[in-house]
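So you can see what is in the structure, the chains are spelled out below.
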Amino acid sequence: MGRSYFHLHLVSDSTGETLITVARAVVAQYEGVAAIEHVYPLVRSNTQLERVISEIETAPGIVLYTLVEQDLAHRLEEVCRNTGSPHLSVLEPVHALLSSYLGTHSTARPGAQHMLNAEYFKRIDAMNFTLLHDDGHLPHDLDDADVILVGVSRTSKTPTAIYLANRGLKTANIPLVPGVPPPSVLETARKALIVGLVATPERIVQIRQNRLLSLNADDDTSYVDRDAVAEELAASRRLFARNGWPVIDVTRRSIEETAAAIIDHYRDHRLRFIAE
């Protein structure tokens, strides 16, 4: 069976991240169907909206939007009805629920979740820390981290660390290299949650081979030898077990799923840390 396609218009008065996340999560549930995405961020004026309308009229499809300015939302809805494009205000059901429960109305503030508040600067600080402590750099102040990721090469340490930083967690990552002892500070760190990342030998070999191929490097090396990789992973598991660190197998996990599991561990770690 062939794959079918449809036009999906995502209209936002902010960055569009909410719409993209929701839309992709739902579309992924339909096999054999793919969306042709049209993303329109920062739509906050009639002029900007008219450009969006022009594209919807050219390629009608499903329209999802987050427009808190009612005049813009009503104009978009009118065009959707005229073009036969099913449309939904993604945030409206949530607003209605909160308004009913809280007994008050919301204030229309486009992009309010991206205001330059304390939470925003916390994320910037976490990102700066994470970039400075990537791949084992600056090990002397590892205990200033919220999370430390440890694992052999190609266990998704860096992208996971960046994702966690964007969630406001200062994250360092330490590669485990055969024949090189890990930083001694790992043995004494108490504030940071230390998490071991592993994968199957086959998965690690595959990723490493692709890495060498992209670098035009010789693949006749223990770096991609299945037995050598299996021993690396076994040694890493022994290290994790000896220190009682939680272990996450990233073989079949996305970065988001790995990060979610780490954040869950971090909550428990913080509670224990505070209790002590």
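This one's a predicted model, so the numbers in the text were calculated from it and none came from an experiment.

Asks: Can you help me understand the pattern of salt bridges in this one?
Replies: A pair can form between side chains of opposite charge whenever their charged atoms are brought close. Throughout the structure, instances matching the rule amount to nine salt bridges. Of the charged contacts, one joins K170 and D125 as a salt bridge, the two residues approaching to 3.4 Å between their closest N and O atoms. Placement of the pair is K170 in the loop between α6 (157-166) and β6 (171-176) and D125 in helix α5 (residues 118-132), with a sequence separation of 45 residues. Between D146 and K191 there is a salt bridge, with the nearest N and O atoms lying 3.4 Å from each other. Placement of the pair is D146 in the loop between α5 and β5 (147-152) and K191 in the loop between α7 (185-188) and β7 (193-198), with a sequence separation of 45 residues. D146 sits in the buried class, given a relative accessible area of 13%.

Asks: Can you walk me through the pairing of strand β3 (residues 62-66) in this structure?
Replies: Side-chain positions along a regular strand alternate between the two faces of the sheet. With four of its five residues buried, β3 lies for the most part within the structure. The sheet contact formed by strand β1 (residues 4-12) and β3 spans five bridges and is parallel. Bridged to V11 within β3 is Y65. Across three bridges, the pairing between β3 and strand β4 (residues 87-89) is parallel.

Asks: Teacher, can you tell me more about the packing of aromatic side chains here?
Replies: Centre distance and the angle of the planes are the two values used to describe a pair of aromatic rings. This structure, assessed with the given rule, holds one aromatic pair. Ring geometry for F240 versus W245: centroids 6.1 Å apart, planes at 45°, classification tilted. Judged by its relative accessible area of 0%, F240 falls in the buried class. Sitting over the face of the ring of Y223, R208 holds its NZ or CZ atom 4.4 Å from the ring centroid.

Asks: Please explain the environment of D219 as it appears in this structure.
Replies: Looking at where D219 falls in the secondary structure, it is placed in the loop between α8 (201-214) and α9 (226-243). The class for D219 is partly exposed, based on a relative accessible area of 48%. Spatially, the C-alpha atoms of D219 and Q209 are 6.9 Å apart, while their sequence positions differ by ten residues. In this view, D219 contacts L212 and V224; residues no more than four positions away in its chain are not counted.

Asks: Explain the packing of helix α2 (residues 46-58) against helix α3 (residues 70-83) to me, please; I cannot follow it from the model alone.
Replies: In helix packing, the relevant descriptors are the interaxial angle and the interaxial distance, both defined with respect to the helix axes. Contact geometry of α2 with α3 gives a least axis separation of 11 Å together with a crossing angle of 15°. The angle between α2 and α3 falls in the class roughly parallel. For the element pair α2 and α3, the recorded crossing hand is right-handed. Residue-level contacts link N46, L49, E50, I53, I56 and E57 of α2 to L72, R75, L76, V79 and T83 of α3.

Asks: Is there a simple way to think about a nonpolar patch on the surface in this case?
Replies: There is a patch of nonpolar side chains on the surface, built from V94, L98, Y101 and L102 and spanning about 470 Å² of accessible area. Along the polypeptide, L102 turns up in helix α4 (residues 92-102).

Asks: Hey, could you run me through the pairing of strand β2 (residues 33-40) in this one?
Replies: Here eight bridges tie β1 to β2, and the two strands are oriented parallel to one another. Across the sheet, residue Y5 finds its bridge partner in β2, namely A34. As for the winding sense of the linkage, the β-α-β connection from β1 through helix α1 (residues 17-27) to β2 is right-handed.

Asks: Which parts of the structure should I look at to understand unusual backbone geometry?
Replies: The bulk of non-glycine residues show a negative phi, and the bulk of peptide bonds are trans. In this model, L42 sits at a positive phi of 55°, which is unusual for a non-glycine residue. The exposure class assigned to L42 is partly exposed, which follows from its relative accessible area of 46%. Look at D135: it is not a glycine, yet its phi comes out positive at around 55°. Among the structural elements, D135 can be located in the loop between α5 and β5.

Asks: Could you clarify how one ought to interpret the sheet that holds β6 in this entry?
Replies: Neighbouring strands of a sheet are bound in pairs by backbone hydrogen bonds; such pairs are parallel or else antiparallel. A sheet is described by the order of its strands in space; here four strands give the open sequence β6-β5-β7-β8, paired in parallel fashion. A single partner strand is all that each edge strand has here, and the edge strands are β6 and β8 (247-249). With direction set aside, neighbouring strand axes in the sheet form an average angle of 25°. Bridging between β5 and β6 involves six bridges; their strand directions are parallel.

Asks: Explain the side chain of T155 to me, please; I cannot follow it from the model alone.
Replies: With respect to the helices, strands and loops of the structure, T155 is situated in the loop between β5 and α6. Here V152 takes part through its backbone oxygen, which lies 2.7 Å from a polar atom of the side chain of T155. If we skip the residues at most four places from it in the chain, T155 touches L197, V198, A199, I204 and V250.

Asks: Help me out: how do you make sense of the sheet that holds β3 in this one?
Replies: Judged by pairing direction, the sheet is parallel, and its four strands sit side by side in the order β2-β1-β3-β4 without closing on themselves. The open sheet has two edge strands, β2 and β4, and neither has a second partner. Each neighbouring strand pair of the sheet contributes to a mean axis angle of 20°, computed without reference to strand direction. Against the sheet, α1 engages β1, β2 and β3, with an angle of about 160° to β1. Along the sheet, α3 makes contact with β1, β3 and β4, crossing β3 at roughly 175°.

Criteria and cut-off values
Residues numbered from 1 in each chain as written. Predicted model: local features only at pLDDT ≥ 70, side-chain atom pairs only at ≥ 80, totals over all residues. Heavy atoms only, no water. Salt bridge = Lys/Arg side-chain N within 4 Å of Asp/Glu carboxyl O. Helix = DSSP H or I, 4+ residues; strand = E, 2+ residues; numbered from the N terminus. Buried < 20%, exposed > 50% of the residue type's maximum accessible area, 1.4 Å probe, protein only. Pairing = 2+ DSSP bridges. Phe/Tyr/Trp six-rings, centres within 6.5 Å; stacked < 30°, edge-to-face > 60°. Lys NZ or Arg CZ within 6 Å of the ring centre and 35° of its normal. Contact = heavy atoms within 4.5 Å. Axes fitted to C-alpha atoms, helices over the stretch in contact; angles between N-to-C directions. Parallel < 35°, antiparallel > 145°, perpendicular 65-115°, else oblique. Left-handed = near helix turned anticlockwise from the far one by under 90°. Patch = residues over 30% accessible without salt bridge, like charges linked within 9 Å, V, L, I, M, F, W, Y side chains within 5 Å. Areas by Shrake-Rupley, 256 points an atom, 1.4 Å probe, with all protein chains shown as cover. Right-handed = clockwise from strand over helix to strand, strands pointing away. Polar contact = N/O pair within 3.5 Å; in protein donor to acceptor, adjacent residues only side chain to side chain.

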